[in-house]
Each structure stands twice: as C-alpha cells, then as structure tokens.
Amino acid sequence: MNFLFITETFEMLIRLAENYTSTLFCNAYRNMAAEATTCVQEFFTDVGLFIFGTDISTEESVNRFFDTLFPVVYNHVINPGLTDISLEYAECLQMVRRDIRPFGNIPKKAIGQMGRTLLPSRTFLQALNLGIEVINTTDHLHFSKDCSRALLRMQYCPHCQGLTLSKPCMGYCLNVIRGCLANVAEVDLHWRGYIQSLEELSSAMSGTYDIEHVLLNFHSLVNDALIQARINAPELSEQVNKVCGPPVRKPAQSPGCTFDQNKDNQGLKMFLRDSEETLTNRRKEFISHLRLYRAFYGGLADQLCGNELAAADGLPCWNGEDVVRRYLSGSLLSFLLYFVFL
C-alpha cells in the first residue's frame, strides 16, 4: 500500500461519480444530456482540483454547476420549445438562478455535503504528502565526522587485529548508532503524533459524510433538483419572464446523448464492486500499515543493530577495545564511547 495507490483511488472515485451523474441524464433526460454532461464534467473537474490541492471554493463550484445547468433545464424541462434559447437569454437565466431558486434547497444541501466531505479528504492527501517529505528528508542524512569515526572504529577496528568475524556488542552498537541518529530520534515524537493525527482524520472521513457516499450519490441530488424544477415549471416560467422576458430562441442545436456510459462505467463499476477496492478500505489498510511504523524513528538504532550490525546475545563481540564475552553497558568505556562524538 502506497501513496500513489490512495491517489489513484480518489481519481477513480471522482470519475465514477461523474459517470453516474452523466448516465442519469442519458437515461432519464436524454434530450439535454449532451449539454448537461458538459456541466457535469466541469463540476467534477473542480472536485478533483480541490481534493488535490488547488485553492478553489467548493461552494462556488456547486453554485456554478447549478447556474450553468439551469438554462439547460429551462430549455428542455421548464419551458421546452422547438428551438433553443439564445446565448444572451441563457446568461440571464444563470444570473437569476440563485434568486428564483428553481432547484429549491438542493444546491444548499449539496454545498453542505461537499464542504464537509471534500475538505477532510483534501487535508488527508496533504498530510500524506507531508509524511513523504519527512521520509525523503530523513532518507538522505549526512553524518558528522565524529559519527563516521565512531562507525569506523566499531565496524573495522577489529579487522586491524585480525578479528574479521567479530561483530560489535549489542550495547556498544546501540550507543554508537543512537549517537549518530540523535537528530533523527528527535523526529520520533512528531512522527508518532503525525500518525495519530492521520488516524483521527481517517476516522472523521467515515460515516454520513464519507466521500464515497456523497460523491456516488450526487446524481441522486441532481435528479431531485430536476424533479423539483419540473413540478414547479409554471411558476418558474412566470418568474423568469418577469426578469428576463419571454424566451429568445435560435435554431435547435442540442444533440442527443453522446456519452458512452457502458464503455466508461464497466471497468469503474468492477473497480468498486469489490469491497477490498473501496476508498474506505484502502484508507484503513494504509493506516494499519502505517501503525506498524509508529516507532520507526525511535527504534531505528535497535532495528539496525538487531538485524545486521551487532553480534547475537551470548556470542563473543567487539566492545571498541577488544573481543569480550559480555559487554558492560554501564561501564566507563561505553559511557565515553557514547559521548565522544556527540
């Protein structure tokens, strides 16, 4: 499990939500599907931009979606005609949409859902990027001269005495490595706090405002908005006439549905049908893996010495001066060796 895997899952989720919404128009409102699909594409482009860090307003994105959708709905649902409304008339409809509220409280509901849902996801991805920066920074450490001398003494001084098979004693190794990694050890407390924050943030992304639930049900909100506009069509038509005048029309150019829903949705549906492939499960799996490395920086010296550098318990080992049966970690020698290069 890696960061790219999480990012790709977000991208797939946004594509699937976009396709669900476009499919709604192709299936139920085919005569305006081509125009509406453009509005849908622009909206979900904004969703993706926001999640991946672009400084845009989710409220304005939702409002812009319903603003641009209103002329399409007016032309095909509220006051349909044999010809399309003019560009100037469509612009007037966009400007009055927020005042006459043809979709009722649906846009306000969508703004609330998107605001509460997208921000935690955006913050989660930004936090993952921060973690990568920390890892990359600590992955290219430059050791001090004192540290280099201590490592040289620990690893190669036995060879000068012909003790090529002797490894450093565990206590001696820990003293040297901890001294070399003193700066890295300072990251430990912050790293643990970082993982805890990611856990809390991941928990906040679940429940009612889970991003999968909200995005994959956005088409339902849009459908509710269209139904409301159809029910209130006579009153809305009167309100529009008072502000924009009677519709000014031009020759009809609205094509039918050009969206290939089967081609785009088949792979995406298979992607999310498997419960193991959902964003929620991938996120939980990622956090579970990350927990395994909670003590990574604090226990790095123990890992290095325990895995390969130091001699196993009970075996003769190099203490910095000679090969011994037992390393006295509390001796004056170990004390001096620990501080000599700090």
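Here goes a summary of the coordinates provided. Since the structure is predicted, the reported quantities are computational estimates derived from the model, not experimental observations.

Turning next to helix α4 (residues 87-100). For α4, which comprises 14 residues, the first-to-last C-alpha distance of 20 Å matches the rise-based estimate of 20 Å (1.5 Å per residue) to within 8%. Remark: the principal bend of α4, roughly 30°, maps to glutamine 94. Of the positions making up α4, those classed as buried are Tyr89, Ala90, Cys92, Leu93, Val96, Arg97 and Ile100. Buried residues along α4 sit against α3 (58-78), β1 (84-85), α5 (106-138) and α12 (233-244).

Along the chain, threonine 138 falls in helix α5. Residue classification places threonine 138 among the buried residues on the basis of a relative accessible area of 18%. Residues threonine 138 and asparagine 183 lie 45 residues apart in sequence; the distance between their C-alpha atoms is 9.5 Å.

With that settled, the discussion passes to the nonpolar core. Of all hydrophobic cores here, the largest spans 91 residues; its most connected members are Phe25 and Leu215. Residue contributions to this core peak at 10 residues, all from α3. Once residues lying within four places of it in the same chain are set aside, the contact partners of leucine 215 are Leu13, Ile14, Ala17, Phe44, Val47, Met114 and Leu118.

One pass over the full model with this rule turns up 10 salt bridges. Note that arginine 291 and glutamate 199 form a salt bridge whose closest N and O atoms lie 2.6 Å from each other. Here arginine 291, found in helix α14 (residues 279-291), pairs with glutamate 199, found in helix α9 (residues 187-204); they are 92 residues apart in sequence, far enough to count as distant. With a relative accessible area of 40%, arginine 291 lands in the partly exposed category. In this structure, a network of salt bridges that share partners links the residues Glu60, Asp67, Arg97 and Arg98.

Turning next to the environment of threonine 278. Looking at the element boundaries, threonine 278 is found in the loop between α13 (261-273) and α14. With a relative accessible area of 15%, threonine 278 lands in the buried category. With 266 residues separating them in the primary sequence, threonine 278 and methionine 12 have C-alpha atoms 10.0 Å apart.

On the secondary structure map, arginine 283 appears in helix α14. As a buried residue without a salt bridge, arginine 283 has its nearest oppositely charged side chain in aspartate 210, at a separation of 4.3 Å. Not counting residues up to four positions away in its chain, the partners in contact with arginine 283 are Ile6, Phe124, Ser202, Met205, Ser206 and Asp210.

Now for the packing of α5 against α9. Their axes nearest at 10 Å, the elements α5 and α9 cross at an angle of 160°. Accordingly, the angle class assigned to the pair α5 and α9 is roughly antiparallel. The two elements α5 and α9 cross, and the hand of that crossing is left-handed. For the pair α5 and α9, the contacting residues are Pro120, Thr123, Phe124, Ala127, Leu128, Gly131, Val134 and Ile135 in the first and Val187, Trp191, Tyr194, Leu198, Leu201 and Ser202 in the second. Classifying every residue of the contact of α5 with α9 by side-chain character gives 11 nonpolar, three polar and no charged.

Moving on: empty space enclosed by the protein. One pass over the structure, following the stated rule, counts one cavity of 30 Å³ or more. Here the largest cavity is characterised by a volume of approximately 60 Å³. As for the largest cavity, its lining consists of Phe43, Asp46, Val47, Phe50, Ile56, Ser57, Thr58, Ser61, Val62, Met114 and Leu118. At the level of elements, α2 (33-51), α3 and α5 are the ones that each hand at least two residues to the lining of the largest cavity. Among the elements that make up the lining of the largest cavity, the one with the highest residue count is α2 (four residues). When the residues that make up the lining of the largest cavity are grouped by side-chain class, the tally is seven nonpolar, three polar and one charged.

What counts, and where the lines are drawn
- Residues numbered from 1 in each chain as written.
- Predicted model: local features only at pLDDT ≥ 70, side-chain atom pairs only at ≥ 80, totals over all residues.
- Heavy atoms only, no water.
- Helix = DSSP H or I, 4+ residues; strand = E, 2+ residues; numbered from the N terminus.
- Expected span 1.5 Å × (residues − 1).
- Bend = angle between axes of the 7 residues up to and from the residue.
- Buried < 20%, exposed > 50% of the residue type's maximum accessible area, 1.4 Å probe, protein only.
- Contact = heavy atoms within 4.5 Å.
- Core = buried A, V, L, I, M, F, W, Y, C linked by side-chain atoms within 4.5 Å.
- Salt bridge = Lys/Arg side-chain N within 4 Å of Asp/Glu carboxyl O.
- Lys, Arg positive; Asp, Glu negative; His and termini not counted.
- Axes fitted to C-alpha atoms, helices over the stretch in contact; angles between N-to-C directions.
- Parallel < 35°, antiparallel > 145°, perpendicular 65-115°, else oblique.
- Left-handed = near helix turned anticlockwise from the far one by under 90°.
- Nonpolar A, V, L, I, M, F, W, Y, C, P; charged D, E, K, R; others polar.
- 1 Å grid on protein atoms, 1.4 Å probe; cavity = no way out; pocket = protein on both sides within 12 Å on 5 of 7 lines; lining within 4 Å.
- Points joined across faces, edges and corners; volume = space filled by probe spheres on them.

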